[in-house]
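So you can see what is in the structure, the chains are spelled out below.
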Amino acid sequence: MSTPTGFMEYKRQLPADREPAERIKDWEEFHKHMAEEELRTQGARCMDCGTPYCHTGIDMIGGTSGCPVHNLIPEWNNLVYRGLWKEALERLHKTNNFPEFTGRICPAPCEGSCTVGLIGQPVTIKTIEEAIIEKGFEEGWVVPQPPEKRTGKRVAVVGSGPAGLATAAQLNKAGHTVTVYERSDRVGGLLMYGIPTMKLDKNVVQRRVDLLKAEGIQFITNTEIGKDIAAQQLVDEYDAVVLCGGATKPREFNIEGADLKGVHYAMDFLNGSIKSYLDSNLEDGNYISAKDKDVIVIGGGDTGSDCVATSLRHGCRTITQFGTHTQAPMERDRINNPWPQFPNVYTLDYAQEEAKALFGQDPREFSIMTTKFVGDEEGNLKELHTIQIERIVDETGRKIYQPIPGTERVFPAQMAMIAIGFDGPEQTLVEQLGLETDRRTNVKARYGKYNTNVDKVFAAGDMRRGQSLVVWAINEGREAAREVDKYLMGATVLV
């Protein structure tokens, strides 16, 4: 606890964002930072709540409650309030390898379960988290910390996303020699190519990768396991292999006209834009452009919103985002969405805020379903046909979406992005190793053990649990590293 009455004395404050109409002109991060004194005041709002649900990290109905990496939030809030920034950084790094990532892109389920939120606005946990790690870099406190000795054990990590990086960081800390294989030309997985630069500057990612390299981790890029190197070869050459390849197989959208020119999967659109921006500031033209087009984004999640923001920066003519869900209420439903569940309330995220600033309204259409794509004589997309839907309970008790007759509409569009999620990991490596999978085609590895049915092979992150949050990926990477360390050494030094 910082001060017993801080949550009553001080109001919640957030750092100002750059003006939407201005920031869509570039690809830089849109957040500004708060002054140190303001951050200390925000830390003072953390109350003596007895049971701090903010760091529980559990799956509740419909979402996550609390921090999946179990950040010691009340402790570092108090240390920030007292001006003890270095000590706060030490507490933060005990549970989270990459707070500079989570402090920027995590949806902050910790704040949704903050006890102060029961009677007012929650503590600005995410803002304080980012401030702590950035203070650490500014002061030179974040430096390479290679292990004092090596165990002689060699571990291969497949995939350099958040789960892979967390696994590698922890196993390297335990003294094992770790090699990370990445099929792209840059390290970082979705941190590098899946998340736009305005949410996560790629220099921030590279800064951490450089630290991991300095600590002794080897990264091999442009190498796809199962294609450039046989999966079994990896198993034969290393003492353990950890699969952190993510859930990158896009969910198919099998409706009429889905093969028309102008219909794209969201990640193809986002990855191409990010790579072209990093390679040439978009001058090479090696990306799918939304310039001067009427764009429809199908999918109401974060990936869909990133497509909206990217399209705006390309210079689209109009932008609309479809979601099958209903518009959320303005306030938390205390019966169906009680604390400490993540609050399902109406908000504008950064992309929707930008679209509203440019076009005058929220770009989202709720409770809507695309029925077909229609093209012109040359096979180019020209419009989408839709119908409104409602969620009902059928005779078997299942909740299903039902079309509402008479609500058909037509939207002009020369470009559509499909952002409806993923159907698990790609199967090449899975099939080569003969790995068991669950009904969703995720690699079957027991939570708490992370070992697969193949000796020496472990799985973690989205590849094991399915599409999820970055913070869950970090959690899984840390936990898998503990189990690999136990497997190799009989016990673990990792926490």
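About the criteria used
- Residues numbered from 1 in each chain as written.
- Predicted model: local features only at pLDDT ≥ 70, side-chain atom pairs only at ≥ 80, totals over all residues.
- Heavy atoms only, no water.
- UniProt positions renumbered as here; feature names shortened; annotations may be inferred.
- Helix = DSSP H or I, 4+ residues; strand = E, 2+ residues; numbered from the N terminus.
- Domains from an automatic or database assignment.
- Contact = heavy atoms within 4.5 Å.
- Buried area = accessible area lost by both parts, 1.4 Å probe.
- Buried < 20%, exposed > 50% of the residue type's maximum accessible area, 1.4 Å probe, protein only.
- Polar contact = N/O pair within 3.5 Å; in protein donor to acceptor, adjacent residues only side chain to side chain.
- Pairing = 2+ DSSP bridges.
- Axes fitted to C-alpha atoms, helices over the stretch in contact; angles between N-to-C directions.
- Salt bridge = Lys/Arg side-chain N within 4 Å of Asp/Glu carboxyl O.
- Phe/Tyr/Trp six-rings, centres within 6.5 Å; stacked < 30°, edge-to-face > 60°.
- Lys NZ or Arg CZ within 6 Å of the ring centre and 35° of its normal.
- 1 Å grid on protein atoms, 1.4 Å probe; cavity = no way out; pocket = protein on both sides within 12 Å on 5 of 7 lines; lining within 4 Å.
- Points joined across faces, edges and corners; volume = space filled by probe spheres on them.
- Nonpolar A, V, L, I, M, F, W, Y, C, P; charged D, E, K, R; others polar.
- Core = buried A, V, L, I, M, F, W, Y, C linked by side-chain atoms within 4.5 Å.

Novice: Quick question: what am I supposed to make of the UniProt feature "domain: FAD/NAD(P)-binding" (unreviewed entry) in the protein chain here?
Specialist: As recorded in UniProt, the feature "domain: FAD/NAD(P)-binding" (unreviewed entry) lies at residues 154-477. Annotated as 28% helix and 21% strand, the span residues 154-477 places its first and last C-alpha atoms 17 Å apart.

Novice: Explain the domain arrangement of the protein chain here, please?
Specialist: Interface size is commonly expressed as the accessible area that is lost once the parts come together. Its domain assignment divides the protein chain into domain 1 (5-139), domain 2 (154-248 + 423-489) and domain 3 (252-418). Here domain 2 and domain 3 have C-alpha centroids that lie 30 Å from each other. Contacts between the two partners involve 12 residues from domain 2 and, on the opposite side, 14 residues from domain 3. Taken together, both faces of the contact between domain 2 and domain 3 bury some 1,100 Å²; the carbon and sulfur share is 61%. It is Tyr-193, Met-198 and Lys-199 that lose the most area in domain 2 upon contact with domain 3, and together they represent 46% of the buried surface on that side.

Novice: Is there a simple way to explain helix α15 (residues 350-359) in this structure?
Specialist: In an α-helix there are 3.6 residues to a turn, and that puts residues three or four apart on one side. Within α15, the full set of buried residues consists of Tyr-350, Ala-351, Gln-352, Glu-354 and Ala-355. Tucked into the core, α15 has its buried residues touching α2 (20-23), α14 (302-314), β9 (318-322) and β10 (364-365). Looking at where α15 begins, the residue whose side-chain oxygen comes 3.1 Å from the main-chain nitrogen of Ala-351 is Asp-349. Note on α15: the residue one or two positions beyond its end, Gly-360, has a positive phi of about 90°.

Novice: Help me understand the sheet that holds strand β8 (residues 294-298) in this model?
Specialist: Strand pairing in a sheet relies on backbone hydrogen bonds, with the paired strands running either antiparallel or parallel. Strand order in the open sheet formed by five strands is β7-β15-β8-β9-β10, and the pairing between neighbours is parallel. Every other strand in the sheet has two partners, leaving β7 (263-265) and β10 as the edge strands with one partner each. Relative to β10, β9 runs parallel, the two being bridged by two bridges. For Phe-322, the partnering residue across the bridge sits in β10 and is Glu-365. Each of β7 and β15 (415-418) is contacted by helix α13 (residues 266-280), which is oriented at about 75° to β7, the strand it contacts most.

Novice: Help me out: how do you make sense of the pattern of salt bridges in this one?
Specialist: Two side chains with opposite charge may pair up if their charged atoms get near one another. On inspection of all chains with the given rule, the structure shows 30 salt bridges. Notably, a salt bridge pairs Arg-23 with Glu-353, separated by 2.9 Å at the nearest N-O pair. Taken together, the residues Arg-23 in helix α2 and Glu-353 in helix α15 connect sequence positions 330 residues apart. Given the relative accessible area of 31%, Glu-353 is considered partly exposed. Residue Glu-426 pairs with Arg-183 through a salt bridge whose shortest N-O separation is 2.9 Å. Of the two residues, Glu-426 is situated in the loop between β15 and α16 (428-433) and Arg-183 in the loop between β4 (177-181) and α10 (190-193); the sequence distance between them amounts to 243 residues. Of the residues examined, Glu-426 reaches a relative accessible area of 32% and is grouped as partly exposed. Several salt bridges converge on common partners, so that one network encompasses Glu-29, Arg-104, Glu-130, Glu-134 and Arg-207.

Novice: How do you make sense of unusual backbone geometry when you look at a structure like this?
Specialist: The step from Trp-339 to Pro-340 runs through a cis peptide bond, and the omega angle for that step is 10°. Tracing the backbone shows Pro-340 in the loop between β9 and α15. Even without being glycine, His-70 reaches a positive phi, approximately 60°. When you line up the elements, His-70 lands in the loop between β2 (63-65) and α4 (73-81). Relative accessible area serves as the criterion here: at 34%, His-70 is assigned to the partly exposed category.

Novice: Any chance you could explain the packing of aromatic side chains here in plain terms?
Specialist: When we look at a pair of aromatic rings, we describe it by the centre distance and by the angle of the planes. Tallying each qualifying case throughout the model produces eight aromatic pairs. Seen from their ring centres, Tyr-181 and Tyr-238 are 6.3 Å apart, and the 90° between their planes marks the pair as edge-to-face. Residue Tyr-181 is found in strand β4, and its partner Tyr-238 is found in the loop between α12 (231-237) and β6 (240-243); the two are separated by 57 residues along the sequence. The same class applies to Tyr-181 and to Tyr-238, which are both buried. The side chain of Lys-135 reaches across the aromatic face of Trp-85, ending 5.8 Å from its centre. Lying over the aromatic face of Tyr-238, Arg-154 brings its terminal NZ or CZ to 4.3 Å of the ring centre.

Novice: I would appreciate a short explanation of the layout of surface pockets in the present structure.
Specialist: The gaps of empty space that remain are located by a probe, the size of a water molecule, rolled over the atoms. In this model, the second largest pocket occupies a volume close to 530 Å³. Looking at the second largest pocket, it is lined by 19 residues, and the ones nearest its centre are His-93, Val-143, Gln-145, Lys-173 and Glu-215. Among the secondary structure elements, those contributing two or more residues to the lining of the second largest pocket are α5 (85-95), α9 (162-173) and α11 (202-214). Ranked by residues supplied to the lining of the second largest pocket, first place goes to α5 with five residues. Residues that form the lining of the second largest pocket fall into these classes: nine nonpolar, four polar and six charged.

Novice: Explain the sheet that holds strand β3 (residues 154-158) here, please?
Specialist: One open sheet accounts for five strands, arranged β5-β4-β3-β6-β16; its pairing is parallel. Every other strand in the sheet has two partners, leaving β5 (218-220) and β16 (457-459) as the edge strands with one partner each. Neighbouring strand axes in the sheet, compared pairwise and without regard to direction, differ in orientation by 20° on average. As paired elements, β6 and β16 share three bridges and run parallel to each other. Bridge assignment links Val-242 to a residue of β16, and that residue is Phe-458.

Novice: Hey, could you run me through the nonpolar core in this one?
Specialist: The tendency in soluble globular proteins is for nonpolar side chains to be buried side by side. Among the nonpolar cores identified, the biggest contains 72 residues, and Ile-132 and Leu-191 are the most heavily contacted of them. Per-element accounting of this core gives the leading share, eight residues, to helix α18 (residues 470-489). Counting only domains with at least three residues in this core, you end up with domain 1 (5-139) and domain 2 (154-248 + 423-489). Those residues in contact with Leu-191, other than ones at most four positions away along the chain, are Phe-101, Ile-105, Gly-161, Pro-162, Leu-165, Leu-200, Lys-202, Val-205 and Val-470. Ile-24, Met-198, Val-295 and Leu-312 belong to the second largest nonpolar core, which has 25 residues in total.

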